[in-house]
Amino acid sequence: MPAEPTTLAEGDGRQPPEPARPPHASQARPAGKRSGWASLRPLVLRLHFYAGLLIAPFLLVAATTGLLYACSYQVEKYVYADELRVPVADDRRELPLERQVAAAREAHPEGKISAVRPAPEEGATTRVLLSGVPGVDPDRTLAVFVNPYTAEVRGALEQYGSSGALPLRTWIDELHRDLHLGEPGRLYSELAASWLWVIAGGGLVLWYGRRRAQRKVRNTTGRRRTLSLHGTVGVWTALGLFILSATGLTWSTYAGQSVADLREAIGQTTPAVTATLIPGAEQGPEGAGEHAGHGGASGAGTSAGTSAGSDGGKRPADVGLDAVLKSARAQGLSDPVEIVPPAEPSGASAYVVKQIQRTWPVQQDSVAVDPANGKVTDVLRFDDYPVLAKLTRWGIDAHAGTLFGVVNQLALAALALGLILLIVWGYRMWWQRGRGSSFGRPIARGAWQDVPAYILVPLMAAIAVLGYFVPLLGIPLAAFLVVDVVLGEVAHRRGRRTYA
């Protein structure tokens, strides 16, 4: 966001008269190159100013929709209370899972069973997820909600992602991710995520480069007060903004692919339990990927090839869902869990039971269970995940607001609100720099010429490499530099000041 240059006065907020300036910035710079921070500060200031000015609208949209998403979890519980909650039976005894699924299939015989989520706690409903239902988006499933005590079907709603997002949260999620514009709309969120850490980092460097006396908010007015508020909130939110930027890029189209390629190259991809029972048979889909539910893979457990009948997915020589769940419990898989039926009805693949708890501590263990005898054929523990796979899981869940439950959602809401305030204050500072005009003056060109070569050359090389792997950072930056150079040359030839 826009920041104050060193040439502006501070104090009571009144702007002094503008001193006479030479026509060219090169004449205004002192002879010789400055070293260290003194040479870098004007360059960082100019980058922070223009990045904040041009990227802030995208960040404002992302922050506003992110604030809505952080609040959607609690709103969802209220809006869909009839589907999500039921009175607890007097004896607290749940019906067999097979019977609950049969009731769901009787009410909704369309589509195929892709997964079953038993009631995770007392008073919660069981979800039977159906894929391939006419009228339901292929990337989503139809969740049929069943009372586990009576087998009463409480309703059916579309569900998206492994987080179990229902229509309200899904709509807000898509608004945040792509503005309901599909793949082209995802460029906005990737642009915001690509530049957020740059803007936050630049502001942090500028703030700590100021004298301590210039940071205080008390007894200040005008532009200096705005700057102090902007800087103080920026410092307090910087770490959270860095995390949001990094984790947001993992969902992005281009930078996200770079991250995925890097993880694959160094053997840090997320493992999956082996569901094949016959050597050489094709591995069926285990369920949604780690990015599902916030702009990544399709709905959880959408194994479209699963063949299931109205009896709840039981096939010849199939021990059934209750026996499968019992085997998973014996391996220590506690609620909440999801059961994915075999992808191949011929007995070539197993049931997959996986924990789906994303709050801390994360529980993501999974097992494969042979449908013929109920024996566990493979076990995958979250503790055995590669380091980067664990960090990715934690980062994604923190960004989505599930890692620490309500605390996580409150932190996200605070970060989103803080970012909105930073943007508003940044534009206000730009306005206050106007000195009687309706728009503030930009930072003068030519700052890079004062940076020593031993700093400038490695810095440009690092930016080039980073821009290659994060193209929506590199491409806009290159375009800005080209336009800026052209405008500077035109201004120089006309003998004007080199303001952008």
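About the cut-offs
Residues numbered from 1 in each chain as written. Predicted model: local features only at pLDDT ≥ 70, side-chain atom pairs only at ≥ 80, totals over all residues. Heavy atoms only, no water. Helix = DSSP H or I, 4+ residues; strand = E, 2+ residues; numbered from the N terminus. Buried < 20%, exposed > 50% of the residue type's maximum accessible area, 1.4 Å probe, protein only. Areas by Shrake-Rupley, 256 points an atom, 1.4 Å probe, with all protein chains shown as cover. UniProt positions renumbered as here; feature names shortened; annotations may be inferred. Expected span 1.5 Å × (residues − 1). Phe/Tyr/Trp six-rings, centres within 6.5 Å; stacked < 30°, edge-to-face > 60°. Core = buried A, V, L, I, M, F, W, Y, C linked by side-chain atoms within 4.5 Å. Contact = heavy atoms within 4.5 Å. Pairing = 2+ DSSP bridges. Polar contact = N/O pair within 3.5 Å; in protein donor to acceptor, adjacent residues only side chain to side chain. Axes fitted to C-alpha atoms, helices over the stretch in contact; angles between N-to-C directions. Parallel < 35°, antiparallel > 145°, perpendicular 65-115°, else oblique. Nonpolar A, V, L, I, M, F, W, Y, C, P; charged D, E, K, R; others polar. Salt bridge = Lys/Arg side-chain N within 4 Å of Asp/Glu carboxyl O.

Q: Sorry if this is basic, but what is going on with the overall build of the chain here?
A: Scanning the chain for helices and strands turns up 13 helices and eight strands. Looking at the chain residue by residue over its 500 residues, the buried ones come to 51%. If you sum the accessible surface of the chain, you get close to 23,400 Å²; carbon and sulfur atoms cover 62% of it.

Q: Quick question: what am I supposed to make of the UniProt feature "transmembrane region" (unreviewed entry) in the chain here?
A: The sites that carry the UniProt feature "transmembrane region" (unreviewed entry) are, in the present numbering, residues 49-70, 187-208, 229-251, 410-430 and 451-469. With 100% helix and 0% strand, the stretch residues 187-208 has end C-alpha atoms that lie 32 Å from each other. Within the segment residues 451-469, helix and strand shares are 89% and 0% respectively, and the terminal C-alpha atoms sit 25 Å apart.

Q: Which parts of the structure should I look at to understand helix α10 (residues 387-400)?
A: Residue pairs spaced three or four apart in an α-helix point in one direction, given the helix's 3.6 residues per turn. In a regular helix each residue adds 1.5 Å, so 14 residues correspond to 20 Å; α10 covers 20 Å between its end C-alpha atoms and thus fits that length. Within α10, 10 of the 14 residues are buried, which leaves the element mostly enclosed by the surrounding structure. Taken together, the buried positions of α10 are A389, K390, T392, R393, G395, I396, D397, A398, H399 and A400. A positive backbone phi angle near 85° is found at G401, which sits one or two residues after α10.

Q: Just to check I follow, could you spell out the packing of aromatic side chains for this structure?
A: What characterises a pair of aromatic rings is the spacing of the ring centres plus the angle enclosed by the ring planes. This model, assessed by the stated rule, comprises nine aromatic pairs. Ring centres of Y50 and F480 lie 5.1 Å apart, and the angle between their planes is 40°; this geometry places the pair in the tilted category. Taken together, the positions of Y50 in helix α2 (residues 37-79) and F480 in helix α13 (residues 471-493) put the pair 430 residues apart, joining distant regions of the chain. Owing to a relative accessible area of 23%, F480 belongs among the partly exposed residues under this scheme. Taken together, the aromatic side chains of W360, F382, Y385, W394 and F404 make up a single cluster linked through ring pairs.

Q: Looking at this structure, how should I read the nonpolar core?
A: Across soluble globular proteins, nonpolar side chains have a tendency to be buried as a group. Counting 31 residues, the largest nonpolar core has I55, L59, W195, L196, I199, L241 and L419 as its most contacted members. With nine residues, the top contributor of residues to this core is helix α6 (residues 186-208). Once residues lying within four places of it in the same chain are set aside, the contact partners of W195 are L47, A51, I55, L472, L473, P476 and L477.

Q: What is the right way to look at the pairing of strand β6 (residues 351-355) in this model?
A: Of all five residues in β6, five are buried; the element is thus mostly enclosed. Bridging between strand β5 (residues 337-340) and β6 involves four bridges; their strand directions are antiparallel. Considered in β6, the bridge of V340 is made with V352. As paired elements, β6 and strand β7 (residues 366-369) share four bridges and run antiparallel to each other. Bridge pairing links Y351 to V369 in β7.

Q: Would you take a moment to explain the environment of D378 for this structure?
A: As for its placement among the helices and strands, D378 is situated in strand β8 (residues 376-380). Overall, D378 belongs to the partly exposed group, its relative accessible area being 24%. Put simply, D378 and T276 are 102 residues apart on the chain and 9.6 Å apart in space, counted from C-alpha to C-alpha. With near-sequence residues (within four places) excluded, D378 lies in contact with V273, T274, S366, V367 and A368. Here the side chain of D378 touches T274 through a polar contact of 2.7 Å, landing on its backbone nitrogen.

Q: What should I look at first to understand the packing of helix α12 (residues 453-469) against α13 in this one?
A: Each packed pair of helices is defined by two parameters, the angle between the axes and the distance between the axes. Between α12 and α13, whose axes approach to 5 Å, the crossing angle comes to 125°. When the axis of α12 is compared with that of α13, the two are oblique. Contacts from I463, L466, G467, Y468 and F469 in α12 reach P471, L473, G474 and L477 in α13. Residues that form the contact of α12 with α13 fall into these classes: seven nonpolar, two polar and no charged.

Q: Before we go on, may I ask you to explain the pattern of salt bridges in this structure?
A: Oppositely charged side chains can pair when the atoms bearing their charge come close. The tally for this structure, following the rule as stated, stands at 16 salt bridges. Note that E76 is salt-bridged to R169, the shortest N-O span being 3.2 Å. With E76 in helix α2 and R169 in helix α5 (residues 167-178), the pair connects residues that are 93 residues apart, well separated along the chain. What makes E76 buried here is its relative accessible area of 6%. Between R154 and E152 there is a salt bridge, with the nearest N and O atoms lying 3.7 Å from each other. When its relative accessible area of 27% is taken as the criterion, R154 is described as partly exposed. Here E152 falls in the partly exposed class, since its relative accessible area comes to 40%. One continuous salt-bridge network, built from bridges that share partners, spans R140, E158, D173, E174, R177 and D178.

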